[in-house]
Amino acid sequence: MPATKGEDIAAAADLVKTYRQGEAQIRALDGVSVGFARGRFTAIAGPSGSGKSTLMHCLAGLDSATSGQVTLDGTELTGLSDRALTRVRRDKVGFVFQSFNLLPQLTALENIALPVTMSGRRLDHELLDHLVGVLGIGDRLSHRPGELSGGQQQRVALARALVARPAVVFADEPTGNLDSRSGTEVLDFLRRSVRDLGQTVVMVTHDPRAAAYADRVLVLADGRVVDDVDVAAGADVGRALQTVGNARTATDVGTAAGVGTAADAGTAAGTGTVGSAGSLGRTR
Ligand SMILES: Nc1ncnc2c1ncn2[C@@H]1O[C@H](COP(=O)(O)OP(=O)(O)OP(=O)(O)O)[C@@H](O)[C@H]1O
Ligand SMILES: [Mg+2]
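Everything quoted here is computed from the prediction, not taken from an experiment.

What counts, and where the lines are drawn
- Residues numbered from 1 in each chain as written.
- Chains lettered and ligands numbered in written order.
- Predicted model: local features only at pLDDT ≥ 70, side-chain atom pairs only at ≥ 80, totals over all residues.
- Helix = DSSP H or I, 4+ residues; strand = E, 2+ residues; numbered from the N terminus.
- Buried ≥ 20, exposed ≤ 12 C-beta atoms within 10 Å, placed from the backbone.
- Contact = placed C-beta atoms within 7 Å.
- Pairing = 2+ DSSP bridges.
- Near = placed C-beta within 6 Å.
- Axes fitted to C-alpha atoms, helices over the stretch in contact; angles between N-to-C directions.
- Parallel < 35°, antiparallel > 145°, perpendicular 65-115°, else oblique.
- Left-handed = near helix turned anticlockwise from the far one by under 90°.
- Nonpolar A, V, L, I, M, F, W, Y, C, P; charged D, E, K, R; others polar.
- Core = buried A, V, L, I, M, F, W, Y, C linked by C-beta atoms within 7 Å.

Asks: Even after reading the chapter, I still don't get the overall build of the protein chain, so can you show me in this structure?
Replies: For the protein chain, the helix and strand inventory stands at 9 helices and 10 strands. In the protein chain, which comprises 284 residues, the proportion classed as buried is 46%. Looking at the protein chain alone, contacts between residues at least 24 apart form 71% of all its contacts between residues at least 6 apart.

Asks: Please clarify how the pairing of strand 2 (residues 24–37) should be interpreted in this entry.
Replies: Relative to strand 2, strand 1 (residues 8–21) runs antiparallel, the two sharing 11 bridges. Residue pairing for strand 2: Thr 18 is matched across the bridge by Arg 27. Linking strand 1 back to strand 2 in an antiparallel pair, the connection comprises 2 residues, with Gly 22 at a positive phi of about 60°.

Asks: I keep staring at the site of ligand 1 and nothing clicks. Help me out?
Replies: Residues in close proximity to ligand 1 total 13 residues, the closest being Tyr 19, Ala 28, Ser 48, Ser 53 and Thr 54. Listed by contribution, the elements that provide at least two residues to the shell around ligand 1 are strand 1, strand 2 and helix 1 (52–59). Top element by residues in the shell around ligand 1 is helix 1. It accounts for 3 residues.

Asks: What is the right way to look at the packing of helix 4 (residues 125–135) against helix 5 (residues 150–163) in this model?
Replies: Two quantities define a packed helix pair, namely the angle between the helix axes and the distance between the axes. Two numbers describe how helix 4 lies on helix 5: the axes approach to 10 Å, and their chain directions differ by 155°. As summarised for this structure, helix 4 and helix 5 are arranged roughly antiparallel, according to the angle between their axes. Where helix 4 crosses over helix 5, the handedness of that crossing is right-handed. Here helix 4 contributes Leu 127, Leu 128, Leu 131, Val 132 and Leu 135 to the contact with helix 5, which in turn contributes Arg 155, Leu 158, Ala 159, Leu 162 and Val 163. Classifying every residue of the contact of helix 4 with helix 5 by side-chain character gives 9 nonpolar, no polar and 1 charged.

Asks: What is the right way to look at helix 1 in this model?
Replies: Think of an α-helix as turning once every 3.6 residues; residues three or four places apart then point the same way. The buried count for helix 1 comes to 7 of 8 residues, which makes it a mostly enclosed element. Every buried residue belonging to helix 1 is among Lys 52, Ser 53, Thr 54, Leu 55, Met 56, Cys 58 and Leu 59, and all of these are buried.

Asks: How should the sheet that holds strand 5 (residues 75–76) be read in this particular structure?
Replies: Think of a sheet as strands paired side by side through backbone hydrogen bonds, with each pair either parallel or antiparallel. Taken together, 4 strands build an open sheet; the order of strands is 2-1-4-5 and the sheet is antiparallel. Edge positions in the open sheet fall to strand 2 and strand 5, since each of these has one partner strand only. The sheet strands contacting helix 1 are strand 1, strand 2 and strand 4 (67–72), and the helix crosses strand 1 at an angle near 125°.

Asks: Help me understand the nonpolar core in this model?
Replies: With 71 residues, the main nonpolar core has Leu 59, Ala 159, Phe 170 and Val 217 as its most contacted residues. The element best represented in this core is helix 5, accounting for 7 residues. If sequence neighbours within four positions are ignored, Ala 159 has contacts with Ile 112, Leu 131, Val 132, Leu 135 and Ile 137.

Asks: Got a minute to help me understand the sheet that holds strand 3 (residues 41–45) in this structure?
Replies: Within the open sheet, the 6 strands sit side by side as 6-7-8-3-9-10. Their pairing is mixed. Of all strands in the sheet, those bounded by a partner on one side alone are strand 6 (93–96) and strand 10 (224–230). On average, adjacent strands in this sheet sit at an angle of 15° to one another, irrespective of strand direction. In this sheet, strand 8 (residues 200–204) lies alongside strand 7 (residues 168–172) in parallel orientation, the contact comprising 5 bridges. Paired with Val 169 across the two strands is Val 201, which belongs to strand 8. Along the sheet face, helix 5 touches strand 6 and strand 7 and points at about 170° away from the line of strand 6.

Given below as structure tokens:
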């Protein structure tokens, strides 16, 4: 399924990532080919363990694949030296980790500014003020992460990812630790950064409401792309939401039953046989 095009700002071609665990081999990514268009907002959904974080880490140059290629803003990442890879990450990528990854000894403001100052660039104070205002963290900037709530840390991580105007913002469950109001604010914020700043955003989410903010919804199961719903190209947003809902329900089923592995649940995700997100409203 060659889904990559010339204008894609990030792309994976036949990406495979395996982990060895004792005798067993886990195929976290099982031949993923996908492209992400510039200035678009893509959601990646799928059951727990389906490879979402692994795919984002490989696309962002945080992890290397076992085989296949990754291209980021015109640079082929495969085969780059560690040093070159570090530079690409620093200059082209804003990453919001599932677990924030703020430096505990630095204040919120120092954390936000770090990627820009490390790359020897000047901090865009106007953009910084804008981000801090929209994210509502103005009064927390002198605090260290240990003195911030999970939601506040997540917002600091978002500001850090966006302030350098990276080629792509990758966000792994950016609303996972937020109450629904803060979550909505963050999603509105990401949506606006796509619309107003032309930012490219790729976001992992389990939440159909979050996916509804995206132009496109990509669904993974068992390390493969099992659905790709391009809302911007006219696909039905309802179908996209249903797809995410199915994937999520499959995850819940797998977990609740205590027997089905995430991989088992993942198989159901693509078939639309488990659960339904039909009751969910459109959020934009
Ligand atoms: N460092 C590692 N060593 C061994 N296996 C790993 C490692 N990292 C991930 N995996 C495995 O690879 C698969 C994909 O993991 P990944 O973290 O990408 O899933 P995910 O879709 O992000 O899940 P979640 O929704 O729970 O965050 C899982 O089976 C996971 O256990
Ligand atoms: Mg993950």
